[in-house]
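An overview of the molecular structure
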Amino acid sequence: MRILYLLFAVLLLFFQAAPGSADPIFADTAECRTQGNFCRAGACPPTFAVSGSCHGGLLKCCSK
C-alpha cells in the first residue's frame, strides 16, 4: 500500500503544469479579459453581446 502513495505523488508531479501554459497568449484574448469579458466558442449567452474576438479570431469575446 505504501507504493500507491509514492506512485500517486510521482504521477501528480509528472502531470503538473504551470498555470496558463496550455494556452498561448493572444493579444485579442488578453484585451478581452482585461476588460472583464470572457471568450466563448459558440454564441454569447442571451444577456451578453459580442464585443470582439479571442484566440486570433477563433472565439468570440462576450461582454455584458
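The notes below deal with the structure included here. Note that the structure is predicted; figures quoted are calculated from it, not measured.

1. Looking at helix 1 (residues 2-15)
Relative to the 20 Å expected for 14 residues at 1.5 Å per residue, helix 1 spans 21 Å between its end C-alpha atoms, a close match to the ideal helical length. Counting buried residues along helix 1, only zero of its 14 residues qualify, which leaves the element largely exposed.

2. Some thoughts on the pairing of strand 3 (residues 59-63)
In this sheet, strand 3 lies alongside strand 1 (residues 38-40) in antiparallel orientation, the contact comprising three bridges. Bridge pairing links C39 to C61 in strand 3. Count of turn residues in the strand 2 (residues 49-54)/strand 3 antiparallel hairpin: four residues, of which H55 carries a positive phi of about 50°.

3. So, the state of the cysteines
Going through the model one piece at a time under the given rule, you end up with three disulfides. At a sulfur-sulfur separation of 2.0 Å, the disulfide partner of C32 is C61. Classification of the bridge connecting C32 and C61 rests on its S-S torsion, roughly 90°, and on that basis the disulfide is right-handed. With C32 in helix 2 (residues 27-34) and C61 in strand 3, this pair connects stretches of sequence that are 29 residues apart. The disulfide that involves C44 links it to C62, with 1.9 Å between the sulfurs. Every disulfide takes its handedness from the sign of the S-S torsion; for C44 and C62 that torsion is -85°, giving left-handed. Of this pair, C44 sits in the loop between strand 1 and strand 2 while C62 is found in strand 3, placing the two residues 18 residues apart along the sequence. With respect to class, C44 is no different from C62; both count as buried.

Calculation notes
- Sequence order as written defines residue numbering, which begins from 1 separately in each chain.
- Local features in a predicted model are, by the rule used here, given only for residues with pLDDT of at least 70; side-chain atom pairs are given and counted only at 80 or more, and totals for whole chains, interfaces and linings are based on all residues.
- Side-chain numbers here rest on the full set of heavy atoms in the structure, without hydrogens or water.
- Note on conventions: DSSP H or I runs of at least 4 residues are helices, E runs of at least 2 residues are strands, and numbering of each starts at the N terminus.
- Every helix has an expected span of 1.5 Å times one less than the residues it contains.
- A simple rule labels every residue: compare its accessible area, found with a 1.4 Å probe on the protein chains alone, to the largest value its type can have, and call it buried under 20%, exposed over 50%, or partly exposed in between.
- By this definition, two strands are paired if DSSP reports at least two bridges between them.
- The rule for a disulfide is simple: a pair of cysteine sulfur atoms within 2.5 Å.

The quantities given are spatial measurements derived from coordinates; they are silent on function.
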